[in-house]
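Architecture and fold: a report
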Amino acid sequence: MHALKYLLLVIVLSLSAPVAFADLKPGQALQSVDIELLNGDTLTAKQLAGKPAAYLFWATWCHICRSELPAYQKLHARYQARGFRVIALSLDESATEVKQFWADAGYTIPVAMRTDALRDAFGDIRGTPTLYVIDRKGRLVKKQLGGISPDELEAIIKRLL
């Protein structure tokens, strides 16, 4: 019942949200932000500078997110040595629940909870999943609400590397 309630909320928000739902627009630079990961590490803006990245806003209750995370894990494993980063930013309320979900799934993608600083950098997130792909210069090249095919995302990654 809990999952159904959240699914209905996501559907209502998705239908009522305009296509351009966040403040960050294509071509604009992402503001520098440090990300406190759930494993206790900090992913600093300096560490991310000059590296293309995919920032995925997701939630444990989002069925699309859960079905796409294995593909993100594969792309993360395939391209992180070449400098591409995948960073998962959870919209869940409980960091404990997210940590447990991540551990159970065996994901190695850096994961964090959305913070006020991330909200300031990306703008309001109105649905999950929401993907932002940033180029080496820190500019937004792709923003998408809803699922993306692994092939489409991989084609974007290859262009950025």
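Look above for the structure.
Note that this is a predicted model, so its numbers are computed, not measured.

Here we take up the state of the cysteines. Applying the stated criterion to the full structure yields one disulfide. At a sulfur-sulfur separation of 2.5 Å, the disulfide partner of Cys-62 is Cys-65. Sign of the S-S torsion, about 80° for the bond between Cys-62 and Cys-65, identifies this disulfide as right-handed. In this structure, Cys-62 and Cys-65 share a single accessibility class: buried.

All chains considered together, the criterion is met by five salt bridges. In this structure, Glu-154 engages Arg-78 in a salt bridge whose closest nitrogen and oxygen atoms are separated by 2.7 Å. Of the two residues, Glu-154 sits in helix 6 (residues 150–160) while Arg-78 sits in helix 3 (residues 63–79), which places them 76 residues apart along the sequence. Residue classification places Glu-154 among the buried residues on the basis of a relative accessible area of 15%. In this structure Arg-78 comes out as partly exposed when scored by relative accessible area, which is 46%. Linking Asp-124 and Arg-126 is a salt bridge whose minimum nitrogen-to-oxygen distance equals 3.4 Å. Its relative accessible area of 35% is what places Asp-124 among the partly exposed residues. Residue classification places Arg-126 among the partly exposed residues on the basis of a relative accessible area of 36%.

Strands sit in the order 5-4-3-6-7 across an open sheet of five strands; the sheet is mixed. In this open sheet, the two strands that pair with only one neighbour each are strand 5 (111–113) and strand 7 (140–145). Strand-to-strand twist in this sheet, taken as the mean axis angle between neighbours without regard to direction, amounts to 20°. Two strands pair when backbone bridges link them, and strand 6 (residues 130–134) and strand 7 are joined in this way by five bridges, in the antiparallel orientation. By the bridge assignment, Ile-134 is partnered in strand 7 with Leu-140.

All right, on to the nonpolar core then. A general trend in soluble globular proteins is that nonpolar side chains are found buried together. Counting 28 residues, the largest nonpolar core has Trp-58, Tyr-72, Trp-102 and Leu-153 as the members making the most contacts within it. At the level of secondary structure, the elements contributing two or more residues to this core comprise strand 3 (53–58), helix 3, strand 4 (85–90), helix 4 (95–105), strand 5, strand 6 and helix 6. The element best represented in this core is helix 3, accounting for five residues. Among residues more than four places away in sequence, those in contact with Tyr-72 are Leu-56, Val-86, Ile-109, Leu-131, Ile-148 and Leu-153. Core analysis: the next-biggest nonpolar cluster, separate from the first, contains 21 residues, Ile-35, Ala-53, Ala-112 and Tyr-132 among them.

The rules we used
Residues numbered from 1 in each chain as written. Predicted model: local features only at pLDDT ≥ 70, side-chain atom pairs only at ≥ 80, totals over all residues. Heavy atoms only, no water. Disulfide = S-S within 2.5 Å. Buried < 20%, exposed > 50% of the residue type's maximum accessible area, 1.4 Å probe, protein only. Salt bridge = Lys/Arg side-chain N within 4 Å of Asp/Glu carboxyl O. Helix = DSSP H or I, 4+ residues; strand = E, 2+ residues; numbered from the N terminus. Pairing = 2+ DSSP bridges. Axes fitted to C-alpha atoms, helices over the stretch in contact; angles between N-to-C directions. Core = buried A, V, L, I, M, F, W, Y, C linked by side-chain atoms within 4.5 Å. Contact = heavy atoms within 4.5 Å.

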